[in-house]
Each structure stands twice: as structure tokens, then as C-alpha cells.
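What follows is each chain in one-letter form.
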Amino acid sequence: MLDIKNLKASVEGKDILKGLDLQVKAGEVHAIMGPNGSGKSTLSQVLAGRDAFEVTDGSVTWDGQDLLAMPIEERARAGLFLAFQYPVEIPGVSNAYFLKAAVNAVRKHRGLPEFDAMDFLTRVKAEMKAVGMKEEFLYRAVNEGFSGGEKKRNEVLQMALLEPRLAILDETDSGLDIDALKVVADGVNRLRSPERSLIVITHYQRLLDYIVPDHVHVLSQGRIVRSGGRELALELEEKGYGWIGDAGEIHAAPPAAGGAQ
Amino acid sequence: MKTATPARKIDSFLDQEYSAGFETLLEADTLPKGLSEDVIRVISAKKGEPEFLLEWRLEAYRRWLTMTPPKWAAVSFPEIDFQDIVYYSAPKKKDGPKSLDEVDPELLKTFEKLGVPLHERARLAGVAVDAVFDSVSVATTFQKELGQHGIIFCSFSEAVKTHPELVRQYLGTVVPPSDNFYAALNSAVFSDGSFVFIPKGVKCPMELSTYFRINARDTGQFERTLIIAEEGASVSYLEGCTAPMRDENQLHAAVVELIALDDAKIKYSTVQNWYPGDKDGVGGIYNFVTKRGDCRGARSHISWTQVETGSAITWKYPSVILRGDDSVGDFHSVALSNHRQQADTGTKMIHMGRNTKSTILSKGISAGHGSNTFRGLVRIAPKAEGARNYTQCDSLLIGDQCAAHTFPTIEARNPTAHVEHEATTSRIGEDQLFYAMQRGLTAEDAVSMIVNGFCREVFKELPMEFAVEAQNLLGVSLEGSIG
């Protein structure tokens, strides 16, 4: 279980998170919604351990461990996965090599035997099929020259291979047309299980038509200002973020399909 | 946050110690510091050289006296006092080793620490090793087997004694003593090196390998390598270099000449790991080397592959003169400069024959306060109908205190020439490291993976065992069998 208490964080001296509380139990799917600048991405980056973000107060416990004291790669190996809003390109490094190195780092940590090339290929090809990626993407450099949709599929592929206990999807829906969105949502839904927790960060309720959350939270100015069930997302879609009170932006209309990031 | 940051981890990764920095205590036969005609006469006499070679050295010396060190390279260092250098140092020996069993065990241990056990390595890998320790070649393995093919692979001094006619015919015909300041100095004082001769039609059955190591203090190492491949012959030659850690700078001014006659092929690979100095720039080797290949015959092919990770200063431009029609020249290079290292390296491709082709692939990696310069010249002579060149220069920056420069020069004097040049610069970003670490990799593994990916095209040109060594040198773990 993930327990975030009074979390405050700043970047370059600017306070972004101002006392955030959130509990995510095993098997639950939580959606975090909010206008631009409310701190959604900061939350995901802080949980993953990015050092540009400074935690100034509060605590994050994950299955009894102090998450904030763990190095980035330790968090990953323990099963925390962040699907990036903007997946990073690594020229010269093949996707296959990158994925195999990551999968084996995680398996080693979990006391599982490392995959050899054949095991790995069998496994990765099956997962690629499931997310609709062609095999050629194995031999291309990590995310280099991928379209927005291909990058997001690659994130879902990595998530499936790494079998996380806690997955955070940071605006994974942005820049996707409706077909790509369905593929990504399918991939995420396949991962739902009683042991696995998911945090889905999104600006729009559209994604939640496909990934149905157990809980919905509204983030505004660094705090969770409303929590509720699935219906809260629908309410937001109808009324926009303006009615929340202190939110900065009124914006509720879903984006045009296939819009660029 | 209390966790280690990617930036800090890069620093500790870059601060790894020089692992070849041990010194071997051997009794040495060393001349006093300084250079004069008398010193040259002594060197020549100690080596029992024929008169023509002494005269050649003296002429080079007189020429050198009229020359000044080149100033155009993008490197800076205090002026070298050429009278403060020892020009000859040899491990003391009674009668000279006739076989490996007679070689000083201390010396063999040094090679083992370097990963060149003459016995095992040579036998297991099928590599013939000619090891140059300071200035005298210590042991040459596999000479007999090579001899059956008519191949000559021995120290330069030995070649002077056993095949003076070949030395006389080819020495200085690619890099004349007057070529440049350091080549002139080398010609005057060179003490040893390697000599390879592959007769007509013979494909050398094994990789030939030489390890150079600078051991004695204040020693300049001036080795001379001469490789000749006659018509239709081929050879792959590997050169590895290391030096112990020292506070003072040591000069290394070598000359390598390659000659390929009709249809001959020479592949020359270097992994250079000279001591680079400490992280504040104290000590380290000055590596001022002239390497040049002459595609003298039609359809000949000369290929340079270098991985330069060491030296305080590298000044080196392995070049090819494409004289024969349809001849081919390649240059593949990885140069890493970390801490205060300065590398000014590149190549010259001189197209003289018709339909000559050259490829230049340069990968420069700068980290810490390192400075990396690529300097290239592609010259297409008026008679070089149909000449083609493709050049690609890529720079990778690690951290924000380092520098990368690219100075390509193209002189095309024939309208049928095709010359292409591509260049890129990229940086290992904090975002790339964070991404890889979020997938469970350590910062070290992430940097290694990115650097390895960057260098892949060059590493694949290296013979297998050298490719492994090159990856290790860059702190790169071996890649899996896929990808």
C-alpha cells in the first residue's frame, strides 16, 4: 500500500505540492485529475525520485518502507513504474537491449533468474503483439523517431514486461488518437490485478471511459481538493475545473482526436 | 531528496582510477638526458646498426634542429624541454632473451597485469605478440610459424639486422623525416618498434599484436613501426598501449608507416590507454604520433581503427594516401577525453588514384573538463577521377564542462568527386539517465549503455578480443546477444 502524507515539494524554489494526502491500496486504480499546473506531473516525478524536485515536508511510505529514501533504481526494482508523459529518446541503444537490461535488473532484484536472449525474445514478442507494435521496434533505438503513439505503446510494453506493483501513468493519453488510446487502455487493463495498484494521471476524463477507476481525485494548486468515485470524473467533464473554486483554468472539452502533444 | 542524483553518479563513474598505473622495478640501461649527434651515435651503436641508418638518423636530426613544434592543434601544454628527456632506456639484460623462458619474470608479470600474458594469451588466442617495453622489443612469439609463410614479424632492431635491404627500401617512404617536427625527432632517435612484412599473395593466418608500455621515468618512447603488404597480401595488426602513473608528463612520439601494394589489405587497430594524468591534469602521456598508410598499389585497402581513451594530450591523424587506382581507405575512431584530457585527432584522406574511395567515421566523447577535437582533411587531386568520400563525425558530451570541436577540410580539385560530410553533437542528458534508472538500471550502467551505443559502429570494426577490451576501457559492460 502507498501512503502519502502532507507531501510538500518544490522545483527551483517554487512550491508545487503543498500538503498532499493520498492512500492507494493494493488492487486499486486511482485517477488523479486536475488543470495544468496543479502539480499532477510533479507528484509522479517525486514518487519516481527525480532529483530536480525537492521534497520539503511530508512522507511517503510504500509497503512500510520510506519511499523517499530509496534511490531511483531501487524504487524501480521494487516495482514502481512510471509511464512517462514524454518518453525519452536514447540514440544508439536498441530497444531490445534496453528492455532486456531493464527486465533483468528487475528480475535479479526479485530473486528470479535472468532471461536469456531466447526467453526474452519469446516474451517480448508476445507483449508487443498485445500492444500492436511491430517487431522492427525491437531493433530501433529507444524511442528515437517514434511517433507520439508509438512512444506511448512502448511505455505500455515496458510496463507489461516489468510487472510493476505500483504503476503511475502520467498523461499517457495525451497525443493519442482514439485507436491508440484503446490499445493503451487495453494494455493497462490487462495489468489490473489484486496485487497491483495503478495511479492514472490525466487532464481529461476520456481515458477513464476505458480505464475505469475505483477512485477519482481532483488536484488543484498542490492539494487534493475533492475525492470521489467514477462519477466525479463525469461531473468534471460536464462542468470543467472552474467550479472547484480555486482552480486556475476552465477547461473541460475533450481534445480533438489525434491532437499533437 | 536524499537519494543519489544521476549527476553525482556520473561524476563518481568518471572518477574511476587508472588501473594500469603500476610500475615495474627493473634494472635499466639508460642514457643520460638530452639529445645531440653523439647521443644518436650511441643509440645507433648500441643497436649495432648499419651505416646507412646512422646517416639517415643524423640527417633527420639536422633537419629537426631547423624545425619548430606545430602550434595549430587545439591543445595547450607548457613548452617541452627536449634536452630534459631520456632518449634511450632498455631493460638490462645479459645476452638478450632467446625465448620466453629467458625473459625477466618481473617483466612478464607486468604484461600479465596488463592482460597480455605472453604464454597464455598468445597460445589461447592465436595472437602473435611482439611486446615493446620501453625501447627494446622483449619477446616475439610465433615467429617460427609465421616464418613458414614467409612472414616477417619482429622487432624493428631485429629487422635492421636480418633484413636491412627491406628496411632501407621502405623506411621513410610514407612518412619522410622532414614530414613534421615529431616525425623528424622520431627518425633521429627511434629505439625500437615492430616490423611486419607479408610476402606476395600471403594472407597472414593470425592477428599480429604489439603491446607498447612506457615504464622508466622521464623516458620518451619513440617507436617506429613499418608494415609492408606485397601484392595480394593481407594482414590485421593490433596495437595496445599503456603507461604507469607518474606526476611528470612523458612524451610519446611514434611513427607508423603502412605500405600496401596491388590488391593488398592492411587493417591496423589501436587501443590506446596511456596514462591520462590525474583529474586535475597532473602527469600523463603526451601522445604525438604520425601514422600514415600508403595505398601504393591498385585496389589496395588500408583501414585504421582506433580507440583512444588515454593520454593527457593526443595529437594523432592516421591517414591514407590513396595512390593506386580503385584503392580504399578507412578511418574509424573513438576518442574519449575526460578530466583535463585534450584530444586533437582525425585523419587525412589524400585521393590521387582514379575511383578511390574513403570513409571516415569519428566518434568523440568528452566528459569532465575534457576537450575533443576532430580534424579532418579530404583532398581530391586533379587526376582522381570518380573519387568518393563519406565522412561522419559524431560528438557526445557528458556533463556541462567539456568541449567538442569539429574541423573538417575538403579540397576537391576534380569535378567528378563525390564528398559527403555529416556531423552531430549530442549530450547524455539528465532525462536519459532518469529514464533508464526509472527502469531499474544504475547510473553507471545507463552511461555505459549510452556510450556503448554511441560507439557501436566503430567497435564492430575491431577484432573481437579488442572490441571487448575497448568496451571495458570505456566502462562498458558486454552487450547481450540480441539487438
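Owing to the predicted nature of the structure, the values given are computational and were not obtained by experimental measurement.

Draft legend 1. Quick look at the overall build of chain B. From N to C terminus, chain B includes twelve helices and 23 strands. Within chain B, the fraction of its 483 residues that count as buried is 63%. Residue pairs at least 24 apart in sequence account for 84% of intrachain contacts in chain B once pairs closer than 6 positions are excluded. Accessible surface, chain B as shown: approximately 18,300 Å² in total, 49% of it carbon and sulfur.

Draft legend 2. Representation of the sheet that holds strand β5 (residues 65-66) of chain A. Residue and element names in this part refer to chain A. One open sheet accounts for four strands, arranged β2-β1-β4-β5; its pairing is antiparallel. At either end of the open sheet lies a strand with only one pairing partner, and these are β2 (14-24) and β5. Relative to β2, strand β1 (residues 2-11) runs antiparallel, the two being bridged by eight bridges. Its bridge partner being in β2, Ala9 is matched across the sheet by Leu17.

Draft legend 3. Fine view of the confidence of the model for chain A. Residues and elements named next belong to chain A. The predicted model of chain A has a mean per-residue pLDDT of 89, with 93% of residues at 70 or higher. Per-element confidence in chain A ranges from a low mean pLDDT of 85 for helix α8 (residues 230-239) to a high of 97 for strand β6 (residues 80-83). Scored below 50 in pLDDT, residues 246-261 shows 35 contacts in the model against residues more than four places distant or in partner chains.

Draft legend 4. Region of the structure containing the pattern of salt bridges. Residue and element names in this part refer to chain A. Under the criterion given, the structure shown has 28 salt bridges over all chains. A salt bridge links Arg123 to Glu127; the nearest nitrogen and oxygen atoms lie 2.8 Å apart. Placement of both Arg123 and Glu127 in helix α4 (residues 117-130) is noted, with a separation of four residues, approximately one turn of the helix. Of the residues examined, Arg123 reaches a relative accessible area of 22% and is grouped as partly exposed. The salt bridge partner of Arg140 is Glu136, with a shortest N-O separation of 3.5 Å. Overall, Arg140 belongs to the partly exposed group, its relative accessible area being 26%.

Draft legend 5. Structural context of the packing of aromatic side chains. Residue and element names in this part refer to chain B. Applying the stated criterion across every chain, the model contains 21 aromatic pairs over all chains. Seen in terms of ring centroids, Phe82 and Phe181 are 5.3 Å apart; in terms of plane orientation they differ by 65°. Their pairing is edge-to-face. Here the residue Phe82 occupies a position in the loop between α3 (51-65) and β2 (89-91), and Phe181 occupies one in helix α9 (residues 181-189), the gap between them amounting to 99 residues. Judged by its relative accessible area of 10%, Phe82 is buried. On the basis of relative accessibility, which here comes to 5%, the residue Phe181 falls in the buried class. Among the aromatic side chains, those forming a connected cluster through ring pairs are Tyr61, Trp64, Phe82, Phe181, Tyr182, Tyr286, Phe288, Trp315 and Tyr317. The cationic tip of Arg224 hangs over the ring face of Phe190; the distance from NZ or CZ to the ring centre is 5.9 Å.

Draft legend 6. Molecular detail of helix α6 (residues 148-162) of chain A. Residue and element names in this part refer to chain A. Here α6 spans 21 Å end to end across 15 residues, near enough to the 21 Å set by a 1.5 Å rise per residue. Most of α6 sits out of view: 13 of its 15 residues are buried. The positive-phi residue at the C-terminal boundary of α6 is Glu163, with phi of around 45°.

Parameters and conventions
Residues take numbers from 1 onward in each chain, read along the sequence in its written order. Think of it this way: whatever chain is written first is A, whatever ligand is written first is 1, and the rest follow in order. Residues qualify for local features only when their pLDDT is at least 70, as the model is predicted, and side-chain atom pairs are given and counted only at 80 or more; totals for whole chains, interfaces and linings, by contrast, use all residues. Think of the side-chain values as coming from all heavy atoms in the structure, minus any hydrogens and water. Every helix listed is a DSSP run of H or I at least four residues long, and every strand listed is a run of E at least two residues long, numbered separately from the N terminus. Each residue gets one of three labels from its accessible area relative to the maximum for its type: buried under 20%, exposed over 50%, partly exposed in between, using a 1.4 Å probe on protein chains only. In this description, contact between two residues means that some pair of their heavy atoms is separated by no more than 4.5 Å. Calculation of accessible area relied on Shrake-Rupley with a 1.4 Å probe; when residues are assessed, cover is drawn exclusively from the protein chains displayed. By definition, two strands form a pair when at least two bridges between them are found by DSSP. pLDDT: the predictor's confidence for each residue, scored from 0 to 100. Every case where a carboxyl oxygen of Asp or Glu lies within 4 Å of a side-chain nitrogen of Lys or Arg is listed as a salt bridge. We call Phe, Tyr and Trp rings a pair once their centres come within 6.5 Å, taking the six-membered ring for Trp, and we label the pair stacked below 30 degrees between planes, edge-to-face above 60, and tilted otherwise. Charge-over-ring contacts are defined here by two conditions on Lys NZ or Arg CZ: a distance within 6 Å of the ring centre and an angle within 35 degrees of the ring normal. Here the expected length of a helix is defined as 1.5 Å per residue gap, with one fewer gap than residues.

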